[in-house]
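# Inside the fold
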Amino acid sequence: MDTGSLSDARGSAGDEPVAIQTRGLTKRYGEDVLAVDDLDLTVYEGEIFGFLGPNGAGKSTTIDVIMDYVRPSAGSATVLGFDAQRETRAIHERVGILPDGYGLYDRLSGRKHLEYAISLKRATDDVDDLLDRVGLDASAADRVVGGYSKGMTQRLALAIALVGDPELLILDEPSSGLDPNGVRLVREIARDHADRGRTVFFSSHILSQVEAVCDRVAILNRGRLVAVDSIAGLRDALGTGSTVTLTVDSVPDSLTVAAIAGVSDVAVDDRTIRVRVDEATAKVDVIDRVRDDGAAVLDVTIEESSLEDLFSAYTGDAPRQVGAPEGER
Ligand SMILES: Nc1ncnc2c1ncn2[C@@H]1O[C@H](COP(=O)(O)OP(=O)(O)OP(=O)(O)O)[C@@H](O)[C@H]1O
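Residues numbered from 1 in each chain as written. Predicted model: local features only at pLDDT ≥ 70, side-chain atom pairs only at ≥ 80, totals over all residues.

## Examining the sheet that holds strand β11 (residues 242-248)
One key point about sheets: their strands pair by backbone hydrogen bonds, in either a parallel or an antiparallel sense. Quick note on the threshold: Two strands form a pair only when DSSP identifies at least two bridges running between them. Helix and strand assignments follow DSSP, with helices taken as H or I runs no shorter than four residues and strands as E runs no shorter than two, numbered in order from the N terminus. In this description, a line fitted to the C-alpha atoms serves as the axis of each element, helices being fitted only across the stretch in contact, and the angle between N-to-C directions of two axes falls anywhere from 0 to 180 degrees. In this description, any two residues whose backbone-derived C-beta atoms lie within 7 Å of each other are considered to be in contact.
Strand order across the open sheet formed by four strands is β12-β13-β11-β14, with antiparallel pairing between neighbours. The sheet is open, and its two borders are formed by β12 (263-269) and β14 (297-304), each paired with just one other strand. Going across the sheet, the axis of each strand differs from the next one's by a mean of 15 degrees, ignoring polarity. Bridging between β11 and strand β13 (residues 272-277) involves six bridges; their strand directions are antiparallel. In the sheet register, Thr247 faces β13, and the bridge partner there is Thr272. Lying on the sheet, helix α10 (residues 282-292) is in contact with β11, β12, β13 and β14; it crosses β11 at an angle near 20 degrees.

Given below as structure tokens:
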């Protein structure tokens, strides 16, 4: 697959403010592990950018380099215009991060954690506002974190990430441990943050999460960038398309839908016409053409190819799901 101009997939004129940029970023662990391989990535300010890849693809390592938690073996990274290695403090002041694994203090309350995070960032947030945003009630916040469930811990970590209304919010597997309400909350927080002109970098292998919330997506596989685009753009590029199924009063003898540009397959069964479409614009053409051919259309269903299909096509691998054994890391 041609990945030559991936970082420009948005068609930017080049003058948009950039939130994250990596050039030739490479990270090796020892001789054998190439965790990130020559990564060129550009995330623009104001985007909700999905960073997608199977376990071990190199997502957390990329974030670790961006935050200067680890040093790259080669290449460079900038965050909000600051060099990731030389201007770390400026970056940390402007970035809120929900890391993949975080160290919280079992014997401190949630409230104390937040107060500490606020003072560390020299921010002025109201603790109760933050608790409210992540759905933690005040009595829970006053208890020590050692007794928190995984979901409560994750909500607290999310609140800590939001301290100081960061210009860039980095969420690494933000939904792990959350119930469906918590998962929805993460999406709402991401959208709300972007609506206020902030940038959200959303790393996940939960495909539906990324699809639901992100403007653009990068797919990482074995440390390499294999795609960058909107979900719709990825679908178009792959030609995985969609299937339009029409129920008609009777199938016309001279059915001509196969002649429409963008239609790749037509199957007829009794009063059902199933049309495989590789171009989004062909969907409406199919319905019009069946009517022109003389049938009354009684029902229409459209199935889009799933992101799982896309993901497999790009990674050549079925995505592993949440809760994969830690040993796979
Ligand atoms: N500190 C480390 N030492 C050695 N190898 C490491 C280290 N951290 C990560 N790796 C390896 O680097 C590769 C990329 O791991 P990374 O955690 O960045 O992937 P990931 O995409 O974030 O996966 P996950 O979704 O499981 O978090 C993996 O092969 C992993 O085993």
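Alright, that's what it looks like, and here's the rest.
## So, the site of the ligand
As a reminder, the rule being used: Throughout this description, a residue near a molecule or strand is one whose C-beta atom, derived from the backbone, lies within 6 Å of it. Throughout this entry, Asp, Glu, Lys and Arg are counted as charged residues, while Ala, Val, Leu, Ile, Met, Phe, Trp, Tyr, Cys and Pro are counted as nonpolar. The remaining residues, Gly among them, count as polar.
For the ligand, the set of nearby residues contains 14 residues, the closest of which are Tyr29, Ala35, Lys59, Ser60 and Thr61. Among the elements of the structure, β2 (33-44) and α1 (59-66) are those that each provide at least two residues to the shell around the ligand. If you tally residues by element for the shell around the ligand, the top one is α1, at three residues. Among the residues making up the shell around the ligand, the classes are represented as four nonpolar, seven polar and three charged.

## Quick look at the sheet that holds strand β3 (residues 48-52)
As summarised here, the arrangement of the six strands in space is β6-β7-β8-β3-β9-β10, forming an open sheet in which the pairing is mixed. Edge positions in the sheet fall to β6 (95-98) and β10 (224-229), since each has one partner strand and no second. Neighbour-to-neighbour, the strand axes of the sheet open up by a mean angle of 15 degrees, direction not taken into account. In the sheet, β6 pairs with strand β7 (residues 168-172) via four bridges, with the strands oriented parallel. Across the sheet, residue Leu98 finds its bridge partner in β7, namely Leu171. Across the face of the sheet, α1 comes into contact with β3, β7, β8 (199-204) and β9 (216-221) while running at roughly 145 degrees to β7.

The values are spatial; any link to function lies outside them.
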